[in-house]
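# Topology and contacts: notes
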Amino acid sequence: MSDEWQDCMDHCVEVAKEAGKMIREALQKDISIMEKSSPVDLVTETDRKVEQLIISSIKEKYPTHSVIGEESVAAGASSVLTDDPTWIIDPIDGTTNFVHRFPYVCVSIGFTVKKEVEFGIVYSCVEDKMYTAQKGKGAFCNGVQIKVSGQEDIKQSLVLTEMMFNKNPERFKAMLANVKSILTIPVHGIRSPGSAAINMCLVACGSADAYYHMGIHCWDMAGGAAIVREAGGVIVDISGGPFDLMSRRLIVASTKAIADRIAEEITEFDVGRDDAKVQ
């Protein structure tokens, strides 16, 4: 990463700590829950307050930078990725976990320049684990360098994905069929922690060997993408092709061999794109 962006990285860590404190405090109070696109797509007042905290801090310090935030996009803001320095923010990744006080809840922030991720942070605030990565400088958890497991054998792997209701019956059927396909390879098991960014960090630190998902968003992936790559991992499209941050789909793995095998097993279905409105 160019030293030009070091100040941005330092600021990102500090604002993530502030956001994490706000989330922890909110977990001690009653949580007001609202629905977005479906009964399982939840948002809380804390999501919105945390995003406002992060964006206002960034805009005050870096007024010329662009921002893509989950709740801002839900309210009608653009989700177009340009060449400009851009902060991609998920104020609470794992909102359903937050609602149920299930401890995998994080702040995820990725920073891109010319559409390439320069750095990322994922702050798992209940665990108090700060994952950070800068382009070309390695990945860390609370300052200790992390590496992927290096596992090459899919049959010796622990795989992560997320499963939830989908009102499209064909997509729902395909999602369940994909889980069956992976389980019957067989693998050691499948886990669903409930946060895309934390899932990526679990692969980055070697606690899991792969993670696949269709239907997530750029704000779920941007912070974790930097961390996985700098930890020596692989990120590809669900097809096995090049990773596209706006594609809403990915495979993360400890090695290319694992990623390729998962891509062979997966049945793809259309999930749209985050930048579809400009196509």
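Presented here is a report on the structure given in the accompanying data block.

What follows deals with the sheet that holds strand β8 (residues 139–141). If you trace the 7 strands from one edge of the open sheet to the other, you get β3-β4-β5-β6-β7-β8-β9, paired in mixed fashion. Looking at strand neighbours, the two that pair on one side only are β3 (66–69) and β9 (144–145), the edges of this open sheet. Helix α1 (residues 6–26) contacts β4 (86–93), β5 (106–113), β6 (116–124) and β7 (129–134) of the sheet and is inclined by roughly 30 degrees relative to β6. Along the sheet face, helix α2 (residues 45–61) touches β3, β4 and β5 and points at about 155 degrees away from the line of β4.

Okay, the packing of helix α6 (residues 196–204) against helix α7 (residues 218–230) next. Look at α6 against α7: their axes get within 8 Å of each other, and the N-to-C directions meet at 10 degrees. With respect to their mutual orientation, α6 and α7 come out roughly parallel. Here Ala196, Ala197, Met200, Cys201 and Ala204 of α6 come into contact with α7, specifically with Asp220, Met221, Gly224, Ala225, Ile227 and Val228.

Here the focus is the sheet that holds strand β13 (residues 234–236). The strand order across the open sheet formed by 5 strands is β11-β10-β12-β14-β13, and the pairing between neighbours is mixed. The two strands at the open ends of the sheet, each matched to only one other strand, are β11 (189–191) and β13. Neighbour-to-neighbour, the strand axes of the sheet open up by a mean angle of 20 degrees, direction not taken into account. In this sheet, strand β12 (residues 210–214) lies alongside strand β10 (residues 158–160) in parallel orientation, the contact comprising 2 bridges. Bridge assignment links Leu160 to a residue of β12, and that residue is Tyr211. Sitting on the sheet, α6 touches β10, β12, β13 and β14 (249–253), and the angle it makes with β12 is about 155 degrees.

For the rest of this paragraph, the subject is the pattern of salt bridges. Under the counting rule described, the total for this entry stands at 11 salt bridges. Here Glu14 makes a salt bridge to Lys17, at a shortest N to O gap of 3.6 Å. With Glu14 and Lys17 both in helix α1 and 3 residues apart, the pair spans about one turn of that helix. Classification of Lys17 by relative accessible area gives partly exposed; the value is 40%.

Reading the values: rules and limits
Residues numbered from 1 in each chain as written. Predicted model: local features only at pLDDT ≥ 70, side-chain atom pairs only at ≥ 80, totals over all residues. Heavy atoms only, no water. Pairing = 2+ DSSP bridges. Helix = DSSP H or I, 4+ residues; strand = E, 2+ residues; numbered from the N terminus. Contact = heavy atoms within 4.5 Å. Axes fitted to C-alpha atoms, helices over the stretch in contact; angles between N-to-C directions. Parallel < 35°, antiparallel > 145°, perpendicular 65-115°, else oblique. Salt bridge = Lys/Arg side-chain N within 4 Å of Asp/Glu carboxyl O. Buried < 20%, exposed > 50% of the residue type's maximum accessible area, 1.4 Å probe, protein only.

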